[in-house]
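Results of the structural survey
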Amino acid sequence: MMLQAQLHCLCLFTLYLTTGYGQEGKFSGPLKPMTFSIFEGQGPSQIIFQFKASPLAVTFKLTGETDDIFQIQPDGLLYHSKALDRETRAVHKLQVSALDAHGNTVEGPVPITIEVKDINDNRPVFLQPKYEGSVRQNSRPGKPFMYVNATDLDDPATPNGELIYQIIMQLPKVNNVMYFQINNKTGAISLTLEGSQELDPLKNPSYKLVVSVEDMGGQNEHSFSDSTSVDIMVKENIWKTPEPVEIEENSTNPYPIKITQVRWNDPDALYSLVDKEKPSQFPFSIDQEGDIYVTQPLDREEKDAYVFYAAARDEHGKPLAFPLKIQVKVKDINDNPPTCPSTVTVLEVQEDEQIGSSIGTLMAHDMDEENTMNSVLRYRIVDQTPKVPRDGLFLVQTYSGTFQLAVQSLRKRDTPQYNLTVEVSDKDFKTLCFVQINIIDINDQIPIFEESDYGNLTLPEDTAIGTVILTIQATDADEPYTGSSKILYRITQGDSEGCLEIETDPQTNTGYVKVKKPLDFEAVAVHNIVFQAENPEPLALGVQYNASSSATFRLIVTDVNEAPQFSQQVYQAKVSEDVAKGTKVGNVTAKDPEGLDISYSLRGDKRGWLKIDPVTGEIFSVAPLDREAESLYQVQVVATEVGGSSLSSTAQFHLTLTDVNDNPPRLVEEYTGLFFCYPLKAPGSLIFEATDDDQQSLRGRHFTFSLGSESLQKDWEVSKINGTHASLSTKHTGFEERVYHIPVRISDGGWPPLEGTVSLAGIILAVVFFQIKKNKGQHNVESAQASEVKPLRN
């Protein structure tokens, strides 16, 4: 037995050395309060600590939450005989006492705490084997609509109890796109962005998910896991535009009044109303349940409809979807009486109109809604003033307000005006309107001349235009200052030339006969004038103008000696400038009103180029013409009557001269003082310009240039630059110091072609000289240089 005991103690001591530990990291020590941490699940007979007591102590006693697991030997060796389980008890509170041989406590009891450290010995488990949930289409992505939950008995403060959620399957998985997502920490399931946009209960009303949970944060190959299924129903989006709303105007019900509602798919949306018109007073509101209210009475006549928008935002103010259009129509009630178009409505009717003729319409107005019973108006005549020749002369159409003659035609001499009182009513209100009907005179009287024959009138043919030669008068018995009584006069016979006109005084209807065009004794010596008096308004049916509306007078025109008259005031002709002397270049004609012979002469022929035949008026050239001197030659032609008073008149003769090529080319200017510096170091050139005095063509001048002598060609050269410019160049540098005269031939290319030979004189080869001065035995050289040669300019 002793040997066995010794072996047993040796075994315990070995375990003690390998597994026991305490707060101070020692395996033995005095009896005092201590705390030990031990992993659960270890095998039995594991030594914890060796307590030591005073010499009086012969044994130790263990009490407290031993759970038949913890024991202590008489020598103070504390150990556990069974494996610990943290999930059964995480902390054991023990007490240790030291006893003497009589069982009396020598030390203690002291508290000993055993903390059981967790190991991953429990798998996570979902609370439900199957979950069910629902989500609205177009719900906000990332907003949880359901949760899955799992538990793990291991310590949640350690990785053993750290759970990670994951969706491992989605059915169906359209286009391999995940519509759902899960928060791996909380198990919250929400829509992805694609799911928020694509979920449609009409396409796929339900989805199945397989969700897994794994402990140890999913980061250990020895972690435990569990899975569950989630069935999700897709519900229709409830964020929809509500039906248009009708609100009765001026309602007396207490406000605010709920009129409609909107709902976002999730309960936490923030609602607001937006009116793009931004009125000063907006009579609508919305609460955070999405209920929309009208906050005050509405007036349809002020505004008959409202359109605004309901918006839903998340807690950060971000819009959840497009705003919904809210339409409100204000329903009419009969709250407006009929109104008259004006204080008095004035209508007119002609006398002798037939019974039943329409006179006019009273257009009353009702501000209530059109095409409803609230705005249907009825008309009724309630009074007529005066009642002559009788009452009830007029009737009015009940619903149109149109007035008609009821019983007889009217006469202005009975009364010129009627006043009617008309009752205009809708189904609840009545209004009195006033109508004035004026009787208009019809044109049943014709103008009558006071005299039918105004006798004879003698005038010279040179009477000034605008002269009043006769005053006439007719009268009309119709109403004054109307189209029926106004008189217009017109000449109907005796003035086919239109020499006369008649103006009417609008106040008196007096007619004034005036000279409109010059009188002509030679054309017509006697005019038998007939004129007619008429009204601008048509005559009434059955009434016609007669002889009383006509009158006559005789106009006798006397002769006056007049100057000859040309057939036109300006005569024009065109000839070539090279026509021969004596060529006919034009002719003029004039007549004398009295038939006398005419003699022609010229005035203003300052160049003496022309003469005129005094009898025929033919004009001839008497000298060479020159377009370059005067391209448009103007003279005056005089026609003088032969005999009588020798009266004369004048006309203009314009002769245009056309160009011929009669001027040879020449230099634009005299080129003198041209020079080159001597000696020439290199060939030089000078530019000159040519022109001529003939008319330039549309394409401009085109001269050709050449040297005037072949003997010059070895020293000089002429080169054309353009149609008018050329350059004269030296061909070498070996020239003497002297003046050279270079003739240049210029041809114009016209027809006949002309050419001119010009001389570029004075091309001087100037000397460059050096002046040498002696100064104190030294040579000083001063240089005098000629001016730079530049191209010639005009």
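Residues numbered from 1 in each chain as written. Predicted model: local features only at pLDDT ≥ 70, side-chain atom pairs only at ≥ 80, totals over all residues. Heavy atoms only, no water.

**A closer look at the overall build of the chain**
Stated precisely, the cut-off is as follows: Helix and strand definitions follow DSSP, with helices as H or I runs of at least four residues and strands as E runs of at least two, each counted in order from the N terminus. Each radius of gyration reported is based on C-alpha atoms, and the globular scaling rule is 2.2 Å times the count of residues to the power 0.38. Residue exposure (1.4 Å probe, protein chains only): buried if accessible area is under 20% of the type maximum, exposed if over 50%, otherwise partly exposed. Residues count as neighbours in contact if any of their non-hydrogen atoms are within 4.5 Å of one another. Only the protein chains shown count as cover for residues, and all accessible areas are computed by the Shrake-Rupley method using a 1.4 Å probe.
Of the regular secondary structure elements, the chain holds two helices and 58 strands. For 794 residues, the compact-globule estimate of 2.2 N^0.38 gives 28 Å, and the C-alpha radius of gyration of the chain, at 66 Å, exceeds that figure by more than 25%. In terms of overall dimensions, the chain has a C-alpha envelope of 195 × 145 × 60 Å along the principal axes. Per-residue burial over the chain gives 39% buried out of 794 residues. If you take every contact in the chain between residues at least 6 apart in sequence, the share linking residues at least 24 apart comes to 65%. Total accessible area on the chain is roughly 44000 Å²; 51% of this is exposed by carbon and sulfur atoms.

**Comments concerning the sheet that holds strand 28 (residues 394-396)**
For sheets, the rule is that strands pair by backbone hydrogen bonds, running either parallel or antiparallel. Put simply, the test is: Between any two strands, pairing holds if DSSP finds at least two bridges. All axes are obtained by fitting lines to C-alpha atoms, using only the stretch in contact for helices, and the reported angles, taken between N-to-C directions, cover 0 to 180 degrees.
Pairing is antiparallel in the open sheet, where three strands are placed in the order 26-29-28. In this open sheet, the two strands that pair with only one neighbour each are strand 26 (358-361) and strand 28. Adjacent strand axes in the sheet meet at a mean angle of 25°, parallel and antiparallel pairs treated alike. Where strand 28 lies against strand 29 (residues 402-405), three bridges are found, and the strand directions are antiparallel.

**A few points about a nonpolar patch on the surface**
Where we set the bar: A patch consists of residues whose relative accessible area exceeds 30% and which take part in no salt bridge; residues with like charges are grouped when within 9 Å of each other, and nonpolar side chains (Val, Leu, Ile, Met, Phe, Trp, Tyr) when within 5 Å. A pair is scored as a salt bridge if a Lys or Arg side-chain nitrogen falls within 4 Å of a carboxyl oxygen belonging to Asp or Glu.
Nonpolar side chains collect at one region of the surface, where Val344, Val346, Val382, Leu432 and Phe434 lie side by side and expose about 400 Å² of accessible area between them. Judged by relative accessible area, which is 40%, phenylalanine 434 ranks as partly exposed.

**Focus on the sheet that holds strand 14 (residues 180-182)**
Taken in spatial order, the three strands make up an open sheet running 11-15-14, and their pairing is antiparallel. With one partner strand each, in any of the chains shown, strand 11 (146-147) and strand 14 form the two edges of the open sheet. Relative to strand 15 (residues 188-191), strand 14 is paired through three bridges, and the arrangement is antiparallel. The residue bridging isoleucine 182 from the neighbouring strand is isoleucine 189, located in strand 15.

**Digging into a negative patch on the surface**
Going by this rule: Charge assignment in this entry is limited to Lys and Arg as positive and Asp and Glu as negative, and neither His nor the chain termini are counted. Charge positions are represented by NZ for Lys, CZ for Arg, CG for Asp and CD for Glu.
The grouping of Glu497, Asp520, Glu522 and Asp559 at the surface amounts to a negative patch. Its place among the elements puts glutamate 522 in the loop between strand 37 (510-515) and strand 38 (526-534).

**Focus on unusual backbone geometry**
Here glycine 108 and proline 109 are connected by a cis peptide whose omega angle stands at 0°. Between leucine 171 and proline 172 the backbone carries a cis peptide bond, its omega angle lying at -10°. In this fold, proline 172 is placed in the loop between strand 13 (164-171) and strand 14. Positive phi, normally seen in glycine, also occurs at asparagine 176, with a value near 60°. Its place among the elements puts asparagine 176 in the loop between strand 13 and strand 14. Notably, methionine 216 is not glycine yet its phi reads approximately 55°, a positive angle. Counting through the fold element by element, methionine 216 comes out in the loop between strand 16 (206-214) and strand 17 (225-235). On the accessibility criterion, methionine 216 (18% relative accessible area) is buried.

**Describing the confidence of the model for the chain**
A low pLDDT score tells you not to read the predicted coordinates there in detail. We count it as follows: Predictor confidence is given residue by residue as pLDDT, running from a minimum of 0 to a maximum of 100.
Across the chain, the average pLDDT comes to 86, with 90% of residues at 70 or higher. No element of the chain has a lower mean pLDDT than strand 57 (residues 769-775), which averages 31, and none a higher one than strand 14, which averages 97. With pLDDT under 50 throughout, residues 1-25 is counted as low confidence; its partners more than four residues away or in other chains account for 36 contacts.

**Regarding the environment of glutamate 534**
Just so we agree on the cut-off: Here a polar contact means two N or O atoms within 3.5 Å. Within protein one must be a hydrogen donor candidate and the other an acceptor candidate, and residues neighboring in sequence count only if both atoms are side-chain atoms.
Take glutamate 534: it is sitting in strand 38. With 87 residues separating them along the chain, glutamate 534 and proline 447 place their C-alpha atoms 6.4 Å apart. Contact partners of glutamate 534, with chain neighbours within four places excluded, come to Pro447, Lys486, Ile487, Leu488, Arg490 and Tyr545. Of note is the side chain of glutamate 534, whose polar atom sits 2.9 Å from the side chain of arginine 490.

**Observations regarding the environment of serine 452**
Mapped onto the secondary structure, serine 452 falls in the loop between strand 32 (448-449) and strand 33 (453-460). For the pair serine 452 and valine 530, spaced 78 residues apart in the sequence, the C-alpha separation amounts to 9.8 Å. Setting aside residues up to four positions removed in sequence, serine 452 forms contacts with Ser550, Ala551 and Thr552.

**Quick look at the pattern of salt bridges**
Applying the stated criterion across every chain yields a total of 30 salt bridges. A salt bridge links lysine 303 to glutamate 277; its shortest N-O distance comes to 3.3 Å. Remark: glutamate 277 occurs in the loop between strand 20 (270-274) and strand 21 (284-286) and lysine 303 occurs in the loop between strand 22 (291-294) and strand 23 (305-313); sequence separation between them is 26 residues. Notably, a salt bridge pairs arginine 411 with aspartate 352, separated by 4.0 Å at the nearest N-O pair. Residue arginine 411 is found in the loop between strand 29 and strand 30 (417-425), and its partner aspartate 352 is found in the loop between strand 25 (345-350) and strand 26; the two are separated by 59 residues along the sequence. Judged by relative accessible area, arginine 411 falls into the partly exposed class, the value being 37%. One salt-bridge network, held together by shared partners, links Glu65, Asp67 and Arg89.

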